[in-house]
Amino acid sequence: MNPAMNYVAIALYLFTAFGLGSFLLKGREMYRRISAGQSEPARFLNKGARAKAMAKEILLHTRMSRFTGSAIAHWFVMIGFVSLLGTLITAYGQIIDPAFVIPFIGTWTLYRYFVLAVAWTTAVGIVALIGIRLATKFFHKSHTSRFLGSRSLKAYYVEATILAVVVCVITLDYLEHQYYVDGAAVQIVAAIKIFVSVLWFVVISNDLTMGVAWHRFLAPFNIFFKRNLDSRPALGELPEMISHGKPIDFENPKEDDVFGIGKSADISWKGLLDMASCTECGRCQSQCPAWHTDKPLSPKLLIMAMRDHALSNVSSDEKIVGNTISPEVLWSCTTCGACVEECPVDIEHIDHIVNMRRFQVLVESEFPSELGGTFRNLEKTGNPWGANRTDRNAWIAECDFPVTVIESEIPEDVEYLFWVGCAGAYEERAKKTTKAVAELLYMSGTTFGVLGQRETCTGDPARRSGNEFLYQILSRENIETLQQTFGTRGVKKVVVTCPHCFTTIGRDYKQQGFELQMVHHTQLLNQLIKEGKLKTSPHKSDATLTYHDPCYLGRHNQIYQPPRELLESTGVEVTEMPRNQERSFCCGAGGGRMWMEETIGTRINLNRVDEAIATQVKEVAVACPFCRIMVSDGMTARESDIGVLDVAQVLLRNIKG
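The following paragraphs examine the structure supplied in this document.

Cut-offs and rules
- Position numbers for residues count from 1 along each chain, tracking the sequence in the order it is written.
- In keeping with the predicted nature of the model, local features appear solely for residues at pLDDT of at least 70, side-chain atom pairs appear and are counted solely at 80 or more, and the whole-chain, interface and lining totals rest on all residues.
- Excluded from the side-chain calculation are hydrogens and water; included are all heavy atoms of the structure.
- Pairing between two strands requires that DSSP report at least two bridges joining them.
- Secondary structure elements are defined from DSSP: runs of H or I of at least 4 residues count as helices, runs of E of at least 2 residues count as strands, and each element is numbered from the N terminus.
- Any pair of residues with heavy atoms lying within 4.5 Å of one another is described as a contacting pair.
- In this analysis, axes come from line fits to C-alpha atoms, helices being fitted only over the stretch in contact, and the angle between any two N-to-C directions falls in the range 0 to 180 degrees.
- Handedness of a crossover: with both strands directed away from the viewer, a clockwise path from the first strand across the helix to the second marks it as right-handed.
- Grid points spaced at 1 Å over the protein atoms alone were grouped into cavities, where a 1.4 Å probe fits but cannot get out, and pockets, open sets with protein on both sides within 12 Å along at least five of seven lines, with lining residues defined by an atom within 4 Å of a point.
- Grid points are joined across faces, edges and corners, and a volume is the space filled by probe spheres set on the points.
- When residue character is reported, Ala, Val, Leu, Ile, Met, Phe, Trp, Tyr, Cys and Pro are called nonpolar, Asp, Glu, Lys and Arg charged, and the others, Gly included, polar.
- For this analysis, a polar contact is any N or O atom pair within 3.5 Å, provided that within protein one partner can donate a hydrogen and the other can accept it, and provided that sequence-adjacent residues contribute only side-chain to side-chain pairs.

## Points about the sheet that holds strand 10 (residues 619-622)
Moving on, step 1. Pairing is parallel across the open sheet formed by 4 strands, whose spatial order is 9-8-10-11. Each end of this open sheet is capped by a strand with a single partner; those strands are strand 9 (573-574) and strand 11 (643-646).
Moving on, step 2. Where strand 8 (residues 544-547) lies against strand 9, 2 bridges are found, and the strand directions are parallel. By the bridge assignment for strand 9, Thr-544 is matched with Glu-573.
Moving on, step 3. Contacting strand 8, strand 9 and strand 10, helix 23 (residues 561-569) runs over the sheet at an angle of about 175° to strand 8.
Moving on, step 4. Those strands touched by helix 25 (residues 625-637) are strand 10 and strand 11, and its axis lies near 175° from that of strand 11.

Here is the structure:
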């Protein structure tokens, strides 16, 4: 052995001890800071199901499949990170003895070619990821770049490290199998490989917020502890307000209860794990409607800011909103779910945003002034418009067929309760949908009844905008009414036209132990067509239309095909907008935004309307009353003659000819 290499070997062994020691100490500190977060005991339930879901999601890269090219490249890089560990162990022996191999497997030809295959695919994968990052930066400027705001130098360092390591692996294999190569060359390359690898540990040990590096250790845990145990992202219902590991009793809250997120100490350990796992890939940012209309909200930048606040040495008593997160950022969110749908490591952006809203509303009483009127309307009249409760039945007088109003318990011969909703009862455009659905049910022989004045708002606008206390009042009133209505009936069937009602009653109310068999009107009508109870005209329609996926029907509930199948059955030509199904663009009304002024950037509904107009269709079909209002208003603003109607109206028009 070259005497000089003795000193190099000793230096590298000492450097390795220092690097691994630093990494372990920082890992311990990371664990300490995350575990200090608020308790969430439910995350530890069903460990077997969680492990199965985690393995499937990681090995199949199911959350990255939409970005096919980068998903394939990332998969090979991930495999390389684990599979090439043996080459690092070999390198430690080679700096002393160039002929060193790992005992037993080191002499296998199969092992050699496995290492080579992994090294080359990892090299191609990391070059592809670097290329994607550079191309995105070159071709996408400002808000169109998903990497805007990411710490690019850190990312390039991580990618360069991986590339350097695999180049060393491939070079070492070449040198090891050349008969006339000086052993010193093997030692030098092995030394470079060790130094580059250990330096990476040293660098990340000095930065707990370097998510692009730490995610490879934290992401599996974040996926394991995600809210849902299956492949669904954390969408649909909002989580209960947890304080000290238990749901808050709003009828008798404790003095030390934590109401939402006001400072870093209020964040749950799962929330902190979310933030530490962020890779800054920007997939959430690339789909965010607020970001694409020049609002200050980027889900990625919000998570990064919260991470930097919580994992740095910032005082735990420092307020997050107003210091780390501006109010404009917090209230720009429409809770559309695009960020959660896209995130490859299952970060629960909406939950964190709503928890900060909860603190602002319930503790600080600081929220957009328009919401004050909305909250008062919900309290006094049971609807966000402040309309008279007695007018909930007004639409029935406009029908030329009988509609059963259920005064007490639902009759045995009535199959469905038709939950009309606030928009469906009061808003003129939404009332057309209500009447169309009612007429179609009547024509099909499907018996149904409505609650009329006994209905009140489900609480969705209150809950999504942070007023959990008001939501609790409204939800309990509705649950009591529904329990009285269904009595001892086993199967409680409810049909709704509003995806927000669909989600709140069908999913949020389960948290209070009340479950129903919920069906959206597009699902039920599509079923009635398939059963032959509604006969569509066989003639192809001259109408051309595009369908707008409501966020709360699509992403939040994974209902994409029933509305499309229903439209196709009517013979209309459906032209999809570029952004459709799980990547549909929000109308701008969710998360309480329906009742807030949109004064920053451009209007979200105009962005969506422009996309619809570009398809050159005659009509836009929707399946949500909020979407109908927003898209209709957008068409008016653009002075377009494109019609906007509900899917049910398209069907009714076809059947009636």
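## Considerations on the sheet that holds strand 3 (residues 404-405)
Moving on, step 1. One open sheet holds the 5 strands; their spatial order is 3-5-4-6-7, and the pairing between them is parallel. On the outer flanks of this sheet lie strand 3 and strand 7 (517-520), each paired with one strand and no other.
Moving on, step 2. Sheet contacts for helix 21 (residues 499-506): strand 4 (416-419), strand 6 (493-496) and strand 7; angle to strand 7, the most-contacted strand, approximately 170°.

## Some details on the pairing of strand 11
Moving on, step 1. In this structure, strand 10 lies alongside strand 11, joined through 4 bridges in parallel fashion. Within the sheet, the bridge partner assigned to Glu-619 lies in strand 11 and is Gly-643.
Moving on, step 2. With helix 25 bridging strand 10 and its parallel neighbour strand 11, the resulting β-α-β unit is right-handed.

## Here's the deal with the layout of surface pockets
Moving on, step 1. What the largest pocket holds in volume is close to 940 Å³.
Moving on, step 2. Taken together, 37 residues make up the lining of the largest pocket; nearest its centre are Glu-40, Ala-42, Arg-227, Pro-239 and Glu-240.
Moving on, step 3. Those elements that provide at least two residues to the lining of the largest pocket are helix 9 (269-277) and helix 15 (349-364).
Moving on, step 4. In terms of residues, the lining of the largest pocket owes the most to one element, helix 15, which gives 4 residues.
Moving on, step 5. For the lining of the largest pocket, the per-class residue count stands at 12 nonpolar, 11 polar and 14 charged.
Moving on, step 6. The space that makes up the second largest pocket amounts to roughly 740 Å³.
Moving on, step 7. Residue lining of the second largest pocket: 33 residues in total, with His-61, Met-64, His-74, His-215 and Thr-279 positioned closest to the centre.
Moving on, step 8. Breaking the lining of the second largest pocket down by element, the ones donating at least two residues are helix 2 (47-60), helix 3 (68-83), helix 5 (109-139), helix 6 (152-176) and helix 8 (211-224).
Moving on, step 9. Looking at the lining of the second largest pocket residue by residue, the classes come out as 20 nonpolar, 6 polar and 7 charged.

## Looking at the environment of His-556
Moving on, step 1. As for its position among the elements, His-556 is in the loop between strand 8 and helix 23.
Moving on, step 2. Considering only alpha carbons, one finds His-556 and Arg-232, 324 residues apart in sequence, at a separation of 9.2 Å.
Moving on, step 3. A distance of 2.9 Å separates a polar side-chain atom of His-556 from the backbone nitrogen of Gly-236.
Moving on, step 4. A polar contact is formed between the side chain of His-556 and the backbone oxygen of Cys-336, at a distance of 3.5 Å.

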